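Summary of the model geometry
If you want the building blocks of each chain, they are given just below.
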Amino acid sequence: MSGHYLAGLDLAGRRVVVVGGGSVAQRRLPNLVAAGADVHVIAVDPTPAVESFQGITVTRRAYADGDLEGAWYAMACTDVPEVNAAVVAEAERRHTFCVRADDARYGTAVTPASGRHRDVQFGVLAGGDHKLSAALRAAISRALADGSLSVDDAEPHAPGVALVGGGPGDPDLITVRGQRLLAEADVVVADRLAPPELLAELGPQVEIIDAAKVPYGRAMKQEAINDVLVAKAKEGKFVVRLKGGDPYVYGRGFEELQACVAAGVPVTVVPGISSSISAPASAGIPVTHRGVTHEVVIASGHVPPGHPDSLIDWSAMGRLRGTLVLMMAVERVDVFADALLEAGRPADTPVAMIENGSLPTQRLLRTDLAHAAEVASAEGLRPPAIIVIGQVAAFTEGA
């Protein structure tokens, strides 16, 4: 078989027929719909995911000759070779290019493993070796995202600010979009909890500003950070504000967004994996579990109960039956435990304390509410740490 001729098809508004409604068809639908195609699926028993897919027409029946009338493109994706062969035969009669998913050699087109970087799409063909083409696509995507594969004449990112959540600590847990924007940054304003390995991958031309060392003193720190973001963007720079966790979970991300909007600076938000959920998960603890807890409350421990600035009803927290996750609470474990016990939370309520969640230095301490402060002190619990209170805190992988 000769090699394929690569071409990009404009399918916007044009009829595309997919015969078969299984997992193969399911994987093809997102790109077809994203291209604006008028997609018609014909399948005897489509999967729920295919049947509920938005923006397509599904007909529940067997393929019949004539179904490709008016089609610009077709895909034979059933698990019956005879049906796929019939679809290809009709497509050839109609001069319609057709992909045969079960054996690409007998179709008139093949589907590349495709990816996107900024406004550039790329595809990989590997002579029908789908595993190889998918692996190469993944490698190219990673290289484009982390900047190890770049185009010298690529357009610089437009000036503005991106608030990027870096995840709980492991550099692999940043989102793909967050990593891509980080690789395009002119300036990075980084939090103390932002994964330092991500900064080490940046080129020497990138200005890195440690947000913990922005001047004007503690009281003015957030205002000073806002000013830096705005000032650098107005210099024509693309600025990434790199945070640990998620920008909107005790990260003051919305304050920074408001500052940018008020100054007329374009800003985008890239959610991150919050340590409130991921640190327990990395320690094998689910914050919810069927039949055990139907609610999760994530509470800040930066001020104690009874403090004038506290907005938390600790008496309600004590009556909670589900999971309570405390962030920034290491220095006051005793105070929070006493407040929960006083409000009625049982003394034998399981407690798990996860230090440095997702990192090689991760440490898990287990106890109960009555002894939480004692264990934290005796074991030298240090931030960053997440405290999980509730029945799930006693869960182990084997039970």
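Residues numbered from 1 in each chain as written. Predicted model: local features only at pLDDT ≥ 70, side-chain atom pairs only at ≥ 80, totals over all residues. Heavy atoms only, no water.

The name that an unreviewed UniProt entry assigns to the protein chain is uroporphyrinogen-III C-methyltransferase, with the source organism given as Gordonia westfalica.

Each helix and strand in the protein chain was counted, giving 12 helices and 17 strands. A globule of 399 residues ought to have a C-alpha radius of gyration of about 21 Å, yet the protein chain, at 27 Å, is considerably larger. Within the span of the protein chain, comprising 399 residues, buried residues form 42% of the whole. Taking the intrachain contacts of the protein chain between residues at least 6 apart in sequence as the baseline, contacts between residues at least 24 apart amount to 61%. Roughly 21,100 Å² of accessible area belongs to the protein chain as shown, and the carbon and sulfur atoms make up 54% of that amount. In the protein chain, the 35 positive side-chain charges and the 47 negative ones have mean positions that sit 2 Å from each other. (Helix = DSSP H or I, 4+ residues; strand = E, 2+ residues; numbered from the N terminus. Rg over C-alpha atoms; globule rule 2.2 N^0.38 Å. Buried < 20%, exposed > 50% of the residue type's maximum accessible area, 1.4 Å probe, protein only. Contact = heavy atoms within 4.5 Å. Areas by Shrake-Rupley, 256 points an atom, 1.4 Å probe, with all protein chains shown as cover. Lys, Arg positive; Asp, Glu negative; His and termini not counted. Charge placed at Lys NZ, Arg CZ, Asp CG, Glu CD.)

What follows is about the pattern of salt bridges. Tallying each qualifying case throughout the model produces 16 salt bridges. Between R180 and E184 there is a salt bridge, with its nearest N and O atoms 3.7 Å apart. One salt bridge in this structure joins E256 and K243, with 3.1 Å as the shortest N-O distance. Of this pair, E256 sits in helix 8 (residues 253–262) while K243 sits in strand 11 (residues 238–243), and the two are 13 residues apart along the sequence. In terms of burial, E256 and K243 fall into one category: buried. Connected through shared salt-bridge partners, D191, R241, K243 and E256 make up one network. (Salt bridge = Lys/Arg side-chain N within 4 Å of Asp/Glu carboxyl O.)

Read from one edge of the open sheet, five strands run 3-2-1-4-5, paired in parallel fashion. Of all the strands in the sheet, the pair left with one neighbour each is strand 3 (56–60) and strand 5 (97–100). Averaged over neighbouring strand pairs, the angle between their axes works out to 15° when direction is ignored. Relative to strand 3, strand 2 (residues 38–43) runs parallel, the two sharing five bridges. In the strand pairing of strand 3, V41 is matched with V58. Sitting on the sheet, helix 1 (residues 23–34) is in contact with strand 1 (15–19), strand 2, strand 3 and strand 4 (73–76), with an inclination near 165° to strand 2. In the packing of helix 3 (residues 81–93) onto the sheet, the strands contacted are strand 1, strand 4 and strand 5, and the crossing angle to strand 5 comes to about 165°. (Pairing = 2+ DSSP bridges. Axes fitted to C-alpha atoms, helices over the stretch in contact; angles between N-to-C directions.)

Another aspect to go through is the sheet that holds strand 14 (residues 323–327). If you walk across this open sheet you meet the five strands as 13-14-17-15-16, and the pairing is mixed. Bordering the open sheet on either side are strand 13 (296–300) and strand 16 (363–368), each of which pairs with just one other strand. With direction set aside, neighbouring strand axes in the sheet form an average angle of 20°. Note: strand 15 (residues 350–355) against strand 16, six bridges, orientation antiparallel.

If you trace the backbone, R241 turns up in strand 11. At a separation of 3.4 Å, a polar atom in the side chain of R241 contacts the main-chain carbonyl oxygen of V189. With near-sequence residues (within four places) excluded, R241 lies in contact with A162, L163, V164, V189, A190, D191, A211, I225, L229 and E256. (Polar contact = N/O pair within 3.5 Å; in protein donor to acceptor, adjacent residues only side chain to side chain.)

The end-to-end C-alpha distance of helix 7 (residues 221–234), which contains 14 residues, comes to 20 Å, matching closely the 20 Å that a straight helix rising 1.5 Å per residue would cover. Residues of helix 7 that are buried in the fold lie against strand 8 (160–165), strand 9 (187–190), strand 10 (207–210), strand 11 and helix 8. With its phi angle positive at about 95°, G236 sits one or two positions after the end of helix 7. (Expected span 1.5 Å × (residues − 1).)

Another aspect to go through is the nonpolar core. Among the nonpolar cores identified, the biggest contains 24 residues, and W314, L324, L326, M353, I387 and I389 are the most heavily contacted of them. Mapped onto this core, the elements with two or more residues apiece are helix 10 (314–319), strand 14, helix 11 (333–342), strand 15, helix 12 (372–378) and strand 17 (385–389). In terms of residue count, the dominant contributor to this core is helix 11 (five residues). Ignoring anything within four residues of it in the chain, the contact list for W314 reads P305, L324, L326, F336, A339, L340 and A343. (Core = buried A, V, L, I, M, F, W, Y, C linked by side-chain atoms within 4.5 Å.)

Turning our attention to the pairing of strand 4. Residues Y73 and M75 line one face of strand 4 and the alternating positions A74 and A76 line the opposite face, and both faces are buried. The sheet contact formed by strand 1 and strand 4 spans four bridges and is parallel. Bridged to V18 within strand 4 is M75. Where strand 4 meets strand 5, four bridges bridge the pair, whose relative direction is parallel. Among the inter-strand pairings, A74 is bridged to a residue of strand 5, identified as C98. Assessed by its sense of winding, the connection that carries the chain from strand 4 through helix 3 to strand 5 is right-handed. (Right-handed = clockwise from strand over helix to strand, strands pointing away.)

The next thing to look at is the packing of aromatic side chains. Within the structure shown, the criterion is met by two aromatic pairs. For R14, the ring lying beneath its charged end belongs to W72, and the centroid distance is 4.3 Å. (Phe/Tyr/Trp six-rings, centres within 6.5 Å; stacked < 30°, edge-to-face > 60°. Lys NZ or Arg CZ within 6 Å of the ring centre and 35° of its normal.)

Time to look at the layout of surface pockets. If you add up the space inside the second largest pocket, you get close to 1,400 Å³. Forming the walls of the second largest pocket are 36 residues, and the residues nearest its centre are Y73, V110, T111, P112 and S114. Elements with a contribution of two residues or more to the lining of the second largest pocket: helix 1, strand 4, strand 6 (113–117), strand 7 (120–124) and helix 4 (130–146). Tallying contributions element by element places helix 1 first for the lining of the second largest pocket, with six residues. (1 Å grid on protein atoms, 1.4 Å probe; cavity = no way out; pocket = protein on both sides within 12 Å on 5 of 7 lines; lining within 4 Å. Points joined across faces, edges and corners; volume = space filled by probe spheres on them.)

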